[in-house]
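Structural overview for review
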Amino acid sequence: MSTQPQYGNPIASGPTKVFGWLPFRVLVAAVVSVVFALFLTLLKLFLLALLLLLVVFSSLLIGFVPFGDSDRTIVQRILMRRQHRKRAARGETTFFNAHISALSKEDQLTLPGFLHTIEPKEALDGQGNSVELLHHKAVKMATVTLGCSPVGGSSLPEDRLIRQVGQYGNWLSRLSRENGLVGAMVVVDSLHTSAEPMANEITQAIDPSAPEVSQQILRQTVGMLPAKTTRVTTYVTLGWKLSALDTEVEGAFAEILAKLPHHITALTQAGSGQTYPLNHAEYGDLMYTAYNPARVAEIDQELYGKVPAIRSFNSSGPTYMNGNHKRVVLHDGVASMTILMSVPDQSKITPYTYQALFAPSQSFLRKRVAMFYRPIPAFKQRSRMDQTSRAASTEAGSKQRNTFFDTKKKAATKNAEAQMANGATIQEYCVMVTVTFEPNRKAQRAAENELKTLMGGMRWSYADFVSEAAFHQTLPIGIFPWVYSSASNYLLPTMFDTDAGRPTQESSEDAHVEHEN
């Protein structure tokens, strides 16, 4: 038996479901319709009673009973498909922007959609370091992205790894206690890039006066480098509601800058390595390479050659983007698709269970795993836990035969309640994965098969009909679905609804072993 520590205590959030699939309000409506039908039967209006039952039950099954991994109703699926077709017909799923386009010079190479409303603001922190804040004008929010350089878990002693997981749980527990914080996301971006820039730089750096043997050995060593190298980059993005911090925008920005050192310290203790806020040039490179992984080699060549090429955030958009396909979005010579978790793995996991999910894969040009955390305010924690407990008890009691997994699900809720009594906190979370591949059917099939393997015991679904919005949501710039859902109907509107795909909430204390907040 493995001695590795095991984690995980996810509890379902959302409406109460009788028998595990029937929403409670649908059951109430069905019972009421049956009572009315019986009343009509007493009045000998048999045909009207039958018609009432047929209409009500058909409407409930079609419009109010969700099913499948996406947890959407038939009506929701039809409306999403219809809405996507209308958007495609109006040209809203196609984006073209280049130097030859019929746009003003200021609007050329700008970002698509709501990203066009994001304005970067450069500021200085208390130590005089440059910090770039992103002002999301459409939703009155500001975000800061931190670049991290963590050491992989396989390279750490187990005791240190356990300690870092505990510190990560500590950081999560503080999110719900921070005023104005509306969300956080952790993004792990992995890709395969060309080794040519590095090889060229090494070759050019050879000293002509060095011994011939040394030069020959170095050239042979360079020739043995693989054609492709892997790169893994980690980001943490935090978002604050400006009106909750200060009545003035500049004052709210100052509040955010004052909060950053605490997050950087907490993340460093959790194993994030060197952690720093991204500056203006780094945001520009981030967006420039997001739409085509091959551009990373171009950035590397500029760095090795000391070429002073600085791109701005707003002018680093794609030249072409097409989301007409229901699942795949085309952009700048490559294709991408996104999946989202609907139910996490119910089994206990170890620090290495999902190592393949975050590691680079040969099946993709790029893979971007985004974990969203939505803090639940402290004054709502107890009521949310009570609601979840009642829902779990109702679901378990309505089934004629409870399996071991049903019993375990109910026990998880009781365990979370016990942890809350000891000071633990809960937050909603979700996982989204965006993969980029060659724009052909063979590469798409390979990517789909690889995703089925990587997601393991989780229930998940494709972000169909909102592929371009889902692509941008996994970028580490703070496009939080629950914040932007009020501003746009295209940013996965059902992701945080009560009827479809609601994320799981988990006690942050259970993210580690024997840790007290």
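No experiment lies behind these values; they were computed from the predicted model shown.

**Observations concerning the packing of aromatic side chains**
On inspection of all chains with the given rule, the structure shows eight aromatic pairs. Taking 6.3 Å as the distance between ring centres and 85° as the angle between the ring planes, the aromatic pair formed by Phe372 and Trp482 counts as edge-to-face. Placement of Phe372 in strand S14 (residues 366-375) and of Trp482 in helix H15 (residues 481-484) is noted, with a sequence separation of 110 residues between them. Residue Phe372 is classed as buried on the basis of its relative accessible area of 0%. Relative accessible area serves as the criterion here: at 12%, Trp482 is assigned to the buried category. Centre to centre, the rings of Phe480 and Trp482 are 5.2 Å apart; their planes meet at 25°, and the pair counts as stacked.

**A look at the nonpolar core**
Ranked by internal contacts, the top residues of the largest apolar core, which has 50 residues, are Trp171 and Val433. Per element, the largest residue contribution to this core is eight residues, and it comes from helix H7 (residues 249-269). Beyond its immediate stretch of four places on either side in the chain, Trp171 contacts Ala184, Val186, Val236, Leu238, His263, Ala266 and Leu267. Listed in part, the 37 residues of the second largest apolar core include Met141, Leu278, Ala469 and Leu475.

**Here we look at the packing of helix H5 (residues 196-204) against helix H9 (residues 295-304)**
Relative orientation of the contacting elements H5 and H9 amounts to 20°, with a least axis distance of 8 Å. Classified by the angle between their axes, H5 and H9 sit roughly parallel to one another. Pair H5 / H9 crosses with right-handed handedness. Contact residues: Pro197, Met198, Asn200 and Glu201 in H5; Ala297, Asp300, Gln301 and Tyr304 in H9. Of the residues that constitute the contact of H5 with H9, the class distribution is four nonpolar, two polar and two charged.

**Description of unusual backbone geometry**
In the Ramachandran plot, Lys44 falls in the positive-phi region, its phi being about 65° despite a non-glycine side chain. Within the secondary structure, Lys44 sits in the loop between helix H1 (24-42) and helix H2 (46-63). Since its relative accessible area comes to 66%, Lys44 is described here as exposed. One non-glycine residue with positive phi stands out, namely Asp71, at about 55°. With respect to the helices and strands, the residue Asp71 is situated in the loop between H2 and helix H3 (74-89). The exposure class assigned to Asp71 is buried, which follows from its relative accessible area of 17%.

**Thoughts on the environment of Gln387**
Locating Gln387 in the fold gives a position in helix H11 (residues 381-398). Along the backbone, Gln387 and Ser13 are 374 residues apart, and their C-alpha atoms lie at a distance of 8.6 Å.

**Considerations on a nonpolar patch on the surface**
Together, Leu61, Ile62, Phe67, Ile74, Val75, Ile78 and Leu79 make up a nonpolar patch on the protein surface, roughly 590 Å² of accessible area in all. If you list the elements that add at least two residues to the nonpolar patch, you get H2 and H3. When residues of the nonpolar patch are assigned to their parent elements, the largest contribution, four residues, is made by H3. For Phe67, a relative accessible area of 41% corresponds to the partly exposed category.

**Observations concerning the side chain of Glu428**
Relative to the assigned elements, Glu428 resides in strand S15 (residues 426-437). Of the polar contacts made by the side chain of Glu428, one reaches the side chain of Arg384; its length is 2.9 Å.

**What about the pattern of salt bridges?**
A full pass over the atoms with the stated rule returns 17 salt bridges. Asp69 is the salt-bridge partner of Arg459, the closest N and O atoms lying 3.0 Å from each other. With a gap of 390 residues between them, Arg459 in strand S16 (residues 459-462) and Asp69 in the loop between H2 and H3 connect regions that are remote in the sequence. Overall, Arg459 belongs to the partly exposed group, its relative accessible area being 38%. For Glu92, the salt bridge is made with Arg87, and the minimal N-O distance between the two is 4.0 Å. Residue class for Arg87 comes out buried when judged on its relative accessible area of 4%. Among the charged side chains, a salt-bridge network with shared partners connects Arg87, Arg90, Glu92 and Glu468.

Thresholds, definitions, all that
- Residues numbered from 1 in each chain as written.
- Predicted model: local features only at pLDDT ≥ 70, side-chain atom pairs only at ≥ 80, totals over all residues.
- Heavy atoms only, no water.
- Phe/Tyr/Trp six-rings, centres within 6.5 Å; stacked < 30°, edge-to-face > 60°.
- Helix = DSSP H or I, 4+ residues; strand = E, 2+ residues; numbered from the N terminus.
- Buried < 20%, exposed > 50% of the residue type's maximum accessible area, 1.4 Å probe, protein only.
- Core = buried A, V, L, I, M, F, W, Y, C linked by side-chain atoms within 4.5 Å.
- Contact = heavy atoms within 4.5 Å.
- Axes fitted to C-alpha atoms, helices over the stretch in contact; angles between N-to-C directions.
- Parallel < 35°, antiparallel > 145°, perpendicular 65-115°, else oblique.
- Left-handed = near helix turned anticlockwise from the far one by under 90°.
- Nonpolar A, V, L, I, M, F, W, Y, C, P; charged D, E, K, R; others polar.
- Patch = residues over 30% accessible without salt bridge, like charges linked within 9 Å, V, L, I, M, F, W, Y side chains within 5 Å.
- Areas by Shrake-Rupley, 256 points an atom, 1.4 Å probe, with all protein chains shown as cover.
- Salt bridge = Lys/Arg side-chain N within 4 Å of Asp/Glu carboxyl O.
- Polar contact = N/O pair within 3.5 Å; in protein donor to acceptor, adjacent residues only side chain to side chain.

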